[in-house]
Amino acid sequence: MNLIQHFVNGKSYKGNSNRKGKVFNPATGEQESEVLLGSKEDLNNSVNIARKAFESWSVKPPLQRARVMFKFKELIERNSEEIAKLIVAEHGKVYEDAKGSLTRGLEVVEFACGIPQMLKGEFTENVGSEVDSWSIRQPLGVCAGITPFNFPAMVPMWMFPMAIACGNSFILKPSEKDPSCSFKLAELLSEAGLPDGVLNVVNGDKEVVDAILENKDIQAVSFVGSTPIAKYIYENAARNEKRVQALGGAKNHCVVMPDCDLDQAVNGLMGAAYGSAGERCMAQSVAVAVGDIGDRLVDKLSKKVEVLKVGPGMDNNSEMGPLITKEHLEKVRGYVDIGVKEGAKLVVDGRNLKLQGYENGFFIGGCLFDNVKKDMRIYKEEIFGPVLSVVRAKDFEEASELVNDHEYGNGVSIFTRDGDAARTFSSKIKVGMVGINIPIPVPMAFHSFGGWKRSLFGDQHMHGPEGVRFYTKLKTITSRWPSGIRSNPEFIMPTMK
Ligand code: NAD
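Throughout this description, residue numbers start from 1 for each chain and increase along the sequence as written. At least 70 in pLDDT is required for a residue's local features to be given in this predicted model, at least 80 for side-chain atom pairs to be given and counted, and no such filter applies to totals for whole chains, interfaces and linings, which use all residues. Think of the side-chain values as coming from all heavy atoms in the structure, minus any hydrogens and water.

K.L.:
How would you explain the pairing of strand β13 (residues 252-256) if you had to name every residue and give the values?
P.N.:
Each residue is placed in one exposure class: buried if its accessible area under a 1.4 Å probe, protein chains only, is under 20% of its type's maximum, exposed if it is over 50%, and partly exposed if it falls in between. Secondary structure is summarised from DSSP: a helix means a run of H or I of at least four residues, a strand means a run of E of at least two, and numbering begins at the N terminus for each. With five of five residues buried, β13 lies mostly within the body of the structure. Neither face of β13 is exposed, since Asn-252, Cys-254 and Val-256 on one face and His-253 and Val-255 on the opposite face are all buried. Any two strands are treated as partners once DSSP identifies two or more bridges connecting them. Here five bridges tie β13 to strand β14 (residues 284-290), and the two strands are oriented parallel to one another. What sits directly across from Asn-252, in β14, is Gln-284. Note that the unit made of β13, helix α10 (residues 262-274) and β14 has a crossover that is right-handed. Pairing of β13 with strand β19 (residues 411-415), which is carried by four bridges, proceeds in the parallel orientation. Bridge pairing in β19 places Cys-254 opposite Ser-413. Consider the strands pointing away from the viewer: the crossover is right-handed when the path from the first strand over the helix to the second runs clockwise.

Spelled out as structure tokens, the structure:
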């Protein structure tokens, strides 16, 4: 059985824990690997190494750090096929989607290549007479990232390239369900010239996470995962005096206005609801049909959901792969059962899908509900599977109210041809990432990614300019070089006269 180890101080590391987790191929349902589940001691040892590595890495000129990122970018490009295959093997999503998600991670590395520009600081000559002042951003120290299963390359790459380019060292605790990508990325960054100990991957579960939260030498924690765990991370990291950004779950709405190009909306919804089997934090899981468009929307959607090509991720014909684990498959099926019991109309039922040759894979077909109401659990809770709920709203105001009243606020879209409606929507809606005729409005690497409400605890979004702010602290220096005899002691606040 393949054993996935930790990556510490530039090489694989076994640590001292005997606990192991199971890693499956979701398409076959077979266990393919074991992953070490690290101990508190493994984490603390790794932090000590990262702390030492920080001393020399943090004083390297930003340009030298950027050059490592340039080389890393080249190595990712050269190894993109292998990394995408690792994503498919452990996560299950289809190959081209896996490649796309890797590219979105690579774009953060490209942004990190420009770090000298981002760290230039600000200078004011003569803030007072012959007094100059400048502000610089300095790295924090050892930072940590805890990541979810659904983007095993992209989400870690939202974090560590930014943290490292800013001069920090980093501990990455990837999802124990698909950890191989993180190991591979750490190897490549080492090959790119990153000094040993600057990036360390410690595999594990709650034990390592709690050790991260308690370790006094970790200055900042970035987290992406479900809302209950995000809240736990936020509260405990803050209690232990760490900087923290904790991104949580989602229930993204797509508002379909009666004047929209319906085919465009339907195609957008299909990709956004069923792509990656709905296991995306930016997946659209609610379509809000406004006015009289509901019947036409459901009719067009159902025809497409019925013929959705579900299959293993390496099959070129597959549009949607399996779910991550058997437990998750049962949970998603359970939600569909709940929806039926709650009285929603199940227009397309994917629960009984069986694939010849992949009978033990974690597959479910696309599911479509109509007449979903806002007090139903399938509307309120995140399902994280290929289940789209259509909710009817009489007008734009009612649709906007639904979105604003929901506890999550990650992403939202509107499909319309009315510029006034689109502008009002983007201005008033209480959601962090908004798409206008764009189904999945994931910001590019040079903007920042993050939701509102219970989709993000903390105040800085991931990567882009907010990423630089998160991984650095501001220092402002005020300086005077007096010549000749100066004034007497001053006991009042100095002000500009
Ligand atoms: P998860 O919350 O179960 O796990 C995320 C991380 O937390 C993993 O590394 C896991 O090992 C760790 N963890 C799990 N339980 C823990 C516990 N009790 N104590 C301490 N640590 C624990 O999430 P997941 O199932 O891996 O990922 C899916 C979730 O992530 C969905 O809710 C999805 O919306 C969310 N997500 C959000 C974003 C975003 O940007 N907002 C992006 C991707 C995924």
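That covers the picture; the talk isn't over yet.
K.L.:
Pulling in residues and values, what's your account of the packing of aromatic side chains?
P.N.:
Each Phe, Tyr or Trp ring, with Trp reduced to its six-membered ring, pairs with another whose centre is within 6.5 Å; inter-plane angles below 30 degrees give stacked pairs, above 60 give edge-to-face pairs, and intermediate values give tilted ones. Counted according to the given criterion, the structure contains eleven aromatic pairs. Every member of this aromatic cluster is reached through a ring pair, and the members are Phe-170, Phe-470 and Tyr-471.

K.L.:
For the sheet that holds strand β23 (residues 472-480), give the residues involved together with the corresponding values.
P.N.:
Taken in spatial order, the three strands of this open sheet run β6-β7-β23, and their pairing is antiparallel. Each having just a single partner strand, β6 (122-128) and β23 make up the two edges of the open sheet. The average angle at which neighbouring strand axes cross in this sheet is 25 degrees, direction not considered. Bridging between strand β7 (residues 131-139) and β23 involves nine bridges; their strand directions are antiparallel. In the strand pairing of β23, Asp-132 is matched with Ser-479. Axis lines are fitted through C-alpha atoms, for helices just across the contact stretch, and the angle between N-to-C directions can take any value from 0 to 180 degrees.

K.L.:
So, the domain arrangement of the protein chain: which residues are in play, and what are the values?
P.N.:
It is common to give the size of an interface as the accessible area lost on bringing the parts into contact. In terms of domains, the protein chain is made up of domain 1 (2-248 + 455-477) and domain 2 (252-436). Spacing between the C-alpha centres of domain 1 and domain 2 amounts to 31 Å. Taken together, the 21 residues of domain 1 in the interface contact 24 residues of domain 2. When domain 1 packs against domain 2, the two sides together hide about 1900 Å² of surface, and 65% of this comes from carbon and sulfur. When a carboxyl oxygen of Asp or Glu is within 4 Å of a side-chain nitrogen of Lys or Arg, the pair counts as a salt bridge. Scanning the region where domain 1 abuts domain 2 turns up one salt bridge. A salt bridge links Arg-280 to Asp-97; the shortest N-O distance between them is 2.9 Å. Whenever two N or O atoms come within 3.5 Å, that pair is a polar contact, provided that in protein one can donate a hydrogen and the other can accept it, and provided that, for residues adjacent in sequence, both atoms are side-chain atoms. Summed over the shared surface of domain 1 and domain 2, the number is seven residue pairs in polar contact (both at pLDDT 80 or more). For the domain bounds, the source is a domain assignment made automatically or taken from a database. A contact between two residues is defined here by any heavy atoms of the two lying within 4.5 Å. Values labelled buried area give the accessible surface lost by two parts on being combined, using a 1.4 Å probe and summing over both.

K.L.:
Tell me about empty space enclosed by the protein, residues and numbers included.
P.N.:
Note on definitions: the grid is 1 Å and covers protein atoms alone; a cavity is a set of points where a 1.4 Å probe fits but cannot get out; a pocket is an open set with protein on both sides within 12 Å along at least five of seven lines; lining residues have an atom within 4 Å of a point. Grid points are joined across faces, edges and corners, and a volume is the space filled by probe spheres set on the points. One pass over the structure, following the stated rule, counts six cavities of 30 Å³ or more. Considered as a void within the structure, the largest cavity measures approximately 80 Å³ in volume. As for the largest cavity, its lining consists of Ala-250, Lys-251, Asn-252, Gly-278, Arg-280, Cys-281, Ala-283, Ser-285, Glu-382, Ile-383, Phe-384 and Gly-385. The classification used treats Ala, Val, Leu, Ile, Met, Phe, Trp, Tyr, Cys and Pro as nonpolar, Asp, Glu, Lys and Arg as charged, and all other residues, Gly among them, as polar. Classifying every residue of the lining of the largest cavity gives five nonpolar, four polar and three charged.

K.L.:
Tell me what's going on with the layout of surface pockets, and back it up with residues and numbers.
P.N.:
The computed volume of the largest pocket comes to approximately 800 Å³. Pro-148, Lys-177, Gly-225, Ser-226 and Ile-229 are, among the 34 residues lining the largest pocket, the residues nearest its centre. Here the element with the most residues in the lining of the largest pocket is helix α9 (residues 227-239); it accounts for four residues. In terms of residue class, the lining of the largest pocket is built from 15 nonpolar, eleven polar and eight charged. When residues of the lining of the largest pocket are assigned to domains, at least three map to each of domain 1 (2-248 + 455-477) and domain 2 (252-436).

K.L.:
An account of the pattern of salt bridges is needed here, citing residue identities and associated values.
P.N.:
Scanning all chains against the criterion turns up 28 salt bridges. Its salt-bridge partner being Glu-74, residue Arg-78 comes within 3.0 Å of it at the nearest N-O pair. Of this pair, Arg-78 and Glu-74 both sit in helix α2 (residues 62-78), four residues apart, roughly one helical turn. Close ionic contact of Glu-407 with Arg-454 constitutes a salt bridge, the shortest N to O distance being 2.6 Å. Residue Glu-407 is located in the loop between α14 (396-405) and β18 (408-409), and its partner Arg-454 is located in the loop between β21 (452-453) and β22 (456-457); the two are separated by 47 residues in the primary sequence. Within this structure, Arg-19, Asp-205 and Glu-207 form a network of salt bridges that share partners.

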